[in-house]
Amino acid sequence: MWASKRPGPPAGGPQKKLVIQGLKALPTLPSSYKDDTLSRLRNAVNAILGNQPTTQGLEELYRDCEAMCLHKFASSIYEMLQQEFEAYAHKQLSQIDKAQQVLEQTQQFWESYTRQLHMIRSVFMYLDRTYALQTTNVASLWAMGLSVVRQYLINSNMRIRLVRLFIDRVQNERDGQLVDEPMLASIAHMFIDLGLYTQTLLPNFIDATRDYYRRESLRLISSLVPLQTSTDGSAQSSRMMDVPGYLAHVQRRLDEETHRAMQYLDPSIKTSLLSTALSELIEKHAEKLLGSSFDSMVDANLVPDLGRLYKLLAPVDKLNALRKSWSAYIKTTGQRKMQMPDAETALVSGLLEFRSKLDNIFEAAFQNDSKLHSALREAFEAFINTRRNKPAQLIARFVDQYMRVGSKTDDEQQVDDCLNRIVALFRFIQSKDLFEAYYRRDLSKRLLSTKTVSRDAESAFLHKLKAECGSGYTSQLEGMLRDMEVSEELTAALSQATVGPDMSDIGFHANILTTSFWPTYEPIQLTLPRQLEAAQEQFARFYVERHRGRNLQWQYNLGTCLIKVEFDDGPKELQMNQVQGTVLLLFAESDELTYTQVQQNTGLEDSELQRTLQSLACGKYRVLAKEPKSRDVSTTDKFVFNSGFKCPQARIKISQIVVKETEKESKDIEQHIHLDRMYRVDAALVRIMKARKTLDHDRLFSELSNQIDFNITMAEIKERIETLIERDYIRRDDSDQSTYHYIA
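Quick summary incoming for the structure in this document. (Residues numbered from 1 in each chain as written. Predicted model: local features only at pLDDT ≥ 70, side-chain atom pairs only at ≥ 80, totals over all residues. Heavy atoms only, no water.)

## Quick look at a negative patch on the surface
For clarity, the threshold we go by: Patches in this entry comprise residues that are over 30% relatively accessible and not in a salt bridge; like charges within 9 Å are linked, as are nonpolar side chains (Val, Leu, Ile, Met, Phe, Trp, Tyr) within 5 Å. Exposure was quantified through the Shrake-Rupley algorithm and a 1.4 Å probe, taking into account, for residues, occlusion by the shown protein chains and nothing else. The term salt bridge refers to a side-chain nitrogen of Lys or Arg lying within 4 Å of a carboxyl oxygen of Asp or Glu. His is not counted here, nor are the chain ends, while Lys and Arg score as positive and Asp and Glu score as negative. For this purpose, a charge sits on NZ of Lys, CZ of Arg, CG of Asp or CD of Glu. Secondary structure is summarised from DSSP: a helix means a run of H or I of at least four residues, a strand means a run of E of at least two, and numbering begins at the N terminus for each.
A contiguous patch of negative charge, built from Asp 411, Glu 412, Asp 417 and Asp 456, is present on the exposed surface. Mapped onto the elements, Asp 411 comes out in the loop between α18 (390-404) and α19 (412-426).

Here's what the structure looks like:
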């Protein structure tokens, strides 16, 4: 443990006392201190502004400034600095204002001046952080240094000259000349730092840009030439510029302005700069650009140029004009295709190509714009229904041809793509009920003659129709396919059952068709060969045992057969329909028969027999010889089996002479559909009146249009209303003949 002891009195005498007395007078600064220090600081500022070395070190100058501030001379230093800045700026800028290279010298002055301000601010940092910061209405040294330059530019109007020269340099660059971009960037940033950018440089620059592009657009638009379809990749001169060339020029201008804004202007100007350029180059000339070459561009399938057009019109809110031109082009071109002389044969394929082309433009160029898609759909529907019922018939015929031949060379994906395009076309027609009637007739022929390339393709197409129109639309068509599947199962069951030798020898096969699913066929009278008749009776017994209460009606004109025939050149397999086969088998018993003998043995009517004999004796493959020789068959002709028939093929298909679809047959189908439509109109009118009780004619027509999916004329509606009045479903109002009342 430590112990502390106070020292004792010093040896040698008593302790002395220390006495501290106050100063007789306060210390004072030398009388010349303020002036001398200010002079040293002023000389240092002038040296820095003049890019000369200072006589004192920067640290010593900092101490002098600090001492002056501590002695309450801060305001004097601040005033000195302001005076020096003003004098220097006035001297330098007045000299520059009289020079030739104003922008270049202004750049040099500004870059030097800002470096000098940074150094001076470092020397007078204590002043800046105490006096300037703590005193109201006193700007920082940096702000004060900039303000003197700003004030001079405003008072001397030098800023106007700088702005004019700056704009001239930019326009020189727009005209293709090289400019000093770093110098322009320095001038632009000087205006920003001085607070003169938004009120002086920017509005004048935007006005000049607007004027420049207004003059350029008027010059180029007035000299536009028709679309140049042949291009060699070389740049076009402005004197020979078409609309795609003009659009490319506009895009280059926008890219240049974007570069300009990012490189030596403030990035905030980009939006207003591009908006100004687009307004003058595109917005004010949109209608002329669209009206002069839009149709030609779509015709030439200029997808990149159309995409550029879309991108340029979108920012200026001109897509409405594009939509109108798009719709007008589709309607005009479509109506021209519908009225072409060869429309009967090439209409559907042409429409599919047309729609594929439009879809490609819509997706690749117009970015799947919803309004343009609506215009495409409405325009396509408008022109395709100008011929009312014809498109439905032709589309059904096209599908029939594709299912027979066209899909043989296509893989599964190609078939699906083609069917999708057909359904997309089918979607626009209003006579969908008529299409179903024609398609059902053609489908029955394909299935019964086994000419369909793929049963899967048939099912896939029905599935697409079902998705488009509902299950009620395809119920009969799907029933036809089910009948074919059931018939195959029945054939398999029959082959496993005990059958007689007649059926096994001839390979008998029957398709069972449900009457309500299939088109109506007129049965023909035909006397079958004995062996075939026995097989038919045996099948009938087998079927009735499995399905009691059902009746079979044989349609001989729909059957097919394959007959092996011995010729002098060797055996051949002949594929033909059942009527042709029945006639040919007569010559197995006798090589020579007269027309009358053939008719007596087959029981065929003259028209059917003449067509059949013509196909066997006058067609491409003449397995019978006719006497006398001619292309027509008469009742006095004699027919002989042509044993000398030659053909390199082992299997030969002998087609029946096809009776072309007459106008009467087409009218019968259309008349049937017309009657069905009128029944549907009657039902819809009754439903509407039962719900509304009382309606005027216009409202009744409006509600009826919402409930039916086919075209109907006002005359037809009036006719159906008169029919319902006669049948006491509705009545006219006693005082207003255009108003109807429902009769309960």
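Moving on from the model shown.
## Describing the pattern of salt bridges
Definition in use: For every residue, the accessible area (1.4 Å probe, protein chains only) is compared with the maximum for its type, and the residue is labelled buried under 20%, exposed over 50%, or partly exposed between those bounds.
The full count for this structure, using the stated rule, is 37 salt bridges. Asp 433 is paired through a salt bridge with Arg 680; the nearest N and O atoms lie 3.5 Å apart. Of the two residues, Asp 433 sits in helix α20 (residues 432-448) while Arg 680 sits in helix α28 (residues 663-692), which places them 247 residues apart along the sequence. Among the residues examined, Arg 680 registers a relative accessible area of 30% and is labelled partly exposed. Among the salt bridges present, the one from Glu 478 reaches Lys 466, with a minimum N-O distance of 3.8 Å. Taken together, the residues Glu 478 in helix α22 (residues 471-496) and Lys 466 in helix α21 (residues 455-469) connect sequence positions 12 residues apart. Using a relative accessible area of 21% as the deciding quantity, one classes Glu 478 as partly exposed. A network of salt bridges, in which partner residues are shared, links Glu 173, Arg 174, Glu 257 and Arg 260.

## Looking at the sheet that holds strand β4 (residues 624-627)
Heads up, the rule is: Two strands qualify as a pair provided DSSP detects at least 2 bridges between them. Axis lines are fitted to C-alpha atoms, over the contacting stretch for helices. Their N-to-C directions set the angle, which ranges from 0 to 180 degrees. When checking whether two residues touch, look at their non-hydrogen atoms; a contact exists if any pair is within 4.5 Å.
If you trace the 3 strands from one edge of the open sheet to the other, you get β3-β5-β4, paired in antiparallel fashion. Each edge of the sheet is formed by a strand with only one pairing partner; in this case those strands are β3 (592-594) and β4. Pairwise comparison of adjacent strand axes, ignoring direction, gives a mean angle of 25° for this sheet. Sheet topology places β3 next to strand β5 (residues 638-641); 3 bridges connect them, and they run antiparallel. Following the sheet pairing, Leu 593 is matched in β5 by Phe 639. Contacts from helix α26 (residues 595-602) reach β3 and β5 within the one sheet, and its direction differs from that of β3 by about 85°.

## Focus: the packing of α19 against α21
Condition: Less than a right angle of anticlockwise turn of the near helix away from the far helix marks a crossing as left-handed, whereas a clockwise turn marks it as right-handed. Charged residues are taken to be Asp, Glu, Lys and Arg, nonpolar residues to be Ala, Val, Leu, Ile, Met, Phe, Trp, Tyr, Cys and Pro, and polar residues to be all remaining types, Gly included.
Here α19 crosses α21 at 35°, and the two axes come no closer than 10 Å. When the axes of α19 and α21 are compared, the crossing they make is right-handed. Listed contacts from α21 to Val 415, Asp 416, Leu 419, Asn 420, Ile 422, Val 423 and Phe 426 of α19 are Ala 457, Ala 460, Phe 461, Lys 464, Leu 465, Glu 468 and Cys 469. Here the contact of α19 with α21 is built from residues that sort into 10 nonpolar, 1 polar and 3 charged.

## Quick look at the packing of aromatic side chains
Any aromatic ring pair is given by two values, namely how distant the centres are and how the planes are angled relative to each other. The condition is simple: In this scheme Phe, Tyr and Trp rings, the latter by its six-membered ring, pair at centre separations within 6.5 Å, and the angle between planes marks the pair as stacked below 30 degrees, edge-to-face above 60, and tilted otherwise. In this scheme, Lys NZ or Arg CZ marks a charge over a ring once it lies within 6 Å of the ring centre and within 35 degrees of the ring normal.
Inspection of every chain in the model, using the stated rule, returns 23 aromatic pairs. Judged by centre distance (5.7 Å) and plane angle (15°), the rings of Phe 435 and Tyr 439 are stacked. Placement of both Phe 435 and Tyr 439 in helix α20 is noted, with a separation of 4 residues, approximately one turn of the helix. Among the residues examined, Tyr 439 registers a relative accessible area of 0% and is labelled buried. The structure contains a cluster of three or more aromatic residues connected by ring pairs, namely Tyr 329, Phe 354, Phe 380, Phe 383 and Phe 428. Just above the ring of Phe 380 sits the side chain of Arg 355; from NZ or CZ to the centre is 5.7 Å.

## So, the sheet that holds strand β7 (residues 694-696)
The antiparallel open sheet is built from 3 strands, whose spatial order is β7-β9-β8. Every interior strand has two partners, whereas the edge strands, β7 and β8 (730-732), have only one. Strand after strand, the sheet turns through a mean of 25° between neighbouring axes, direction not considered. Relative to strand β9 (residues 739-742), β8 runs antiparallel, the two sharing 3 bridges. Looking across to β9, one finds that Arg 732 is bridged to Tyr 740. Packing against the sheet, helix α30 (residues 714-726) makes contact with β8 and β9, and its axis sits at approximately 105° to β8.

## Let's talk about unusual backbone geometry
Cis geometry marks the peptide bond from Glu 627 to Pro 628, where omega comes out at -5°. Within the element layout of this structure, Pro 628 appears in the loop between β4 and β5. Positive phi is not limited to glycine here, since Asn 137 has a value of about 65°. Relative to the helices and strands, Asn 137 is located in the loop between α6 (131-134) and α7 (141-156). With relative accessibility at 78%, the residue Asn 137 sits in the exposed group.

## A short note on α22
Under the convention used in this document: To estimate how far a helix should reach, multiply one less than its number of residues by 1.5 Å. For a residue, the bend is simply the angle between two axes, fitted respectively to the seven-residue segment ending there and the seven-residue segment starting there.
Over its 26 residues, α22 runs 36 Å from end to end, which matches the ideal 38 Å to within 8%, given 1.5 Å per residue. The sharpest bend along α22 comes to roughly 30°, located at Leu 477. Three or more residues of α22 are buried, namely Tyr 473, Thr 474, Leu 477, Gly 479, Met 480, Leu 481, Asp 483, Met 484, Ser 487, Leu 490 and Leu 494.

## What about the pairing of strand β2 (residues 570-577)?
One face of the sheet, then the other: side chains in a regular strand alternate in exactly this way. Judged from the 8 bridges that link them, strand β1 (residues 560-567) and β2 form a sheet pairing that is antiparallel. Bridge assignment links Phe 567 to a residue of β2, and that residue is Gly 570. Connecting the antiparallel pair β1 and β2 is a turn made up of 2 residues.

## Some words on the environment of Leu 347
Turning to its location among the elements, Leu 347 is positioned in helix α16 (residues 343-364). Residue Leu 347 is classed as buried on the basis of its relative accessible area of 5%. For the pair formed by Leu 347 and Ile 395, sequence separation is 48 residues and the distance between their alpha carbons is 8.7 Å.

## Focus: the pairing of β5
The two faces of β5 differ: Phe 639 and Phe 641 on one face are buried, but Lys 638 and Val 640 on the other face are not. Bridge analysis of β4 against β5 gives 4 bridges, and the strand direction is antiparallel. By the bridge assignment for β5, Lys 626 is matched with Phe 639.

## A few points about the packing of α22 against helix α24 (residues 530-546)
Note the threshold: Roughly parallel refers to an angle under 35 degrees, roughly antiparallel to one over 145, roughly perpendicular to one between 65 and 115, and oblique to any angle outside these ranges.
α24 packs onto α22 with a crossing angle of 110° between their chain directions and a minimal axis gap of 12 Å. With respect to each other, α22 and α24 are oriented roughly perpendicular. Contacts between α22 and α24 involve Leu 490, Ala 493 and Leu 494 from the first element and Phe 539, Phe 542, Tyr 543 and Arg 546 from the second. When grouped by side-chain class, the residues that make up the contact of α22 with α24 number 6 nonpolar, no polar and 1 charged.

## Some details on the side chain of Arg 253
The residue Arg 253 is located in helix α11 (residues 243-263) in this model. Excluding its chain neighbours within four sequence positions, the residues that come into contact with Arg 253 are Arg 174, Tyr 212, Tyr 213, Glu 216 and Leu 281.

## Some points on the environment of Thr 200
Within the secondary structure layout, Thr 200 lies in helix α10 (residues 197-222). Note: C-alpha distance between Thr 200 and Arg 159 (41 residues apart in sequence) is 7.9 Å. Once residues within four sequence positions are removed from consideration, Thr 200 is found in contact with Arg 159, Val 163 and Phe 191.

## Considering the nonpolar core
Put simply, the test is: For the purposes of this section, nonpolar cores are sets of buried Ala, Val, Leu, Ile, Met, Phe, Trp, Tyr and Cys residues that join through side-chain atoms within 4.5 Å.
Judged by nonpolar contacts, the single largest core of 90 residues is most densely connected at Ile 282, Trp 326, Phe 366 and Phe 435. When neighbours within four sequence positions are excluded, Ile 282 is seen to be in contact with Tyr 246, Leu 247, Val 250, Ala 277, Leu 289, Leu 312, Leu 313 and Val 316. Ranked by size, the runner-up nonpolar core spans 66 residues in total, among them Ala 89, Tyr 152, Ala 188 and Ile 269.

## Remarks on the state of the cysteines
The test is simple: In this description, the term disulfide denotes a pair of cysteine sulfurs within 2.5 Å.
Here the structure, examined in full by the defined rule, presents 0 disulfides. As a non-bridged cysteine, Cys 65 has Cys 69 as the owner of its nearest cysteine sulfur, 4.2 Å distant. Residue Cys 65 is classed as buried on the basis of its relative accessible area, which comes to 0%. Cys 647 provides the cysteine sulfur closest to Cys 561, a residue in no disulfide bond, and the two sulfurs are 17 Å apart. For Cys 561, a relative accessible area of 22% puts it in the partly exposed group.

Taken by themselves, the reported measurements are silent on function.
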